[in-house]
Amino acid sequence: MNSYGCRDTIQKTIEVRPHSTLFAPNCFTPNGDGKNDDFRPYFTQMKDIQVWIFDRWGLLLTSWEGLQGSWDGYYQGKSVNPIPMSTRLKVGVLMVNTPSGLDT
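All values reported here derive from a predicted model rather than from experimental measurement. (Residues numbered from 1 in each chain as written. Predicted model: local features only at pLDDT ≥ 70, side-chain atom pairs only at ≥ 80, totals over all residues. Heavy atoms only, no water.)

Thoughts on the nonpolar core
Among soluble globular proteins, nonpolar side chains are generally buried collectively. Counting residues in each nonpolar core, the largest one holds eight residues, listed as Phe-28, Phe-39, Ile-49, Val-51, Ile-53, Leu-61, Trp-64 and Trp-71. For this core, the secondary-structure elements that each account for two or more residues are β3 (48-54) and β4 (60-65). Considering every element that reaches this core, the biggest residue donor is β3, with three residues. (Core = buried A, V, L, I, M, F, W, Y, C linked by side-chain atoms within 4.5 Å. Buried < 20%, exposed > 50% of the residue type's maximum accessible area, 1.4 Å probe, protein only. Helix = DSSP H or I, 4+ residues; strand = E, 2+ residues; numbered from the N terminus.)

Structure representation (structure tokens):
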């Protein structure tokens, strides 16, 4: 009882769902020096991911499905390093299957 003579406690079960996050780097250096050579998204609380990487003209450079994927900067067996300044890499639709469902 509180100071007004009323009950002031409540009990309720709540469900806390895991929160997923995704970080896709905006650059990498595929020059073979062993530092930041692969493009690799980092994530938490995800079951699966699909990644497509396109150049600025819409050419699919690589894609993969799964949490262990990455891109080494090669297209059809040839390095695209250095990437010309006029080229922008675009990460396509990322579909993420989280423990609580599918997010896009």
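Moving on from the model shown.
Focus: the pattern of salt bridges
Counted by the stated rule, this structure contains one salt bridge. The closest approach of N and O atoms between Asp-38 and Arg-40, which form a salt bridge, is 3.3 Å. Assessed through its relative accessible area of 30%, Asp-38 is described here as partly exposed. For Arg-40, a relative accessible area of 29% translates into the label partly exposed. (Salt bridge = Lys/Arg side-chain N within 4 Å of Asp/Glu carboxyl O.)

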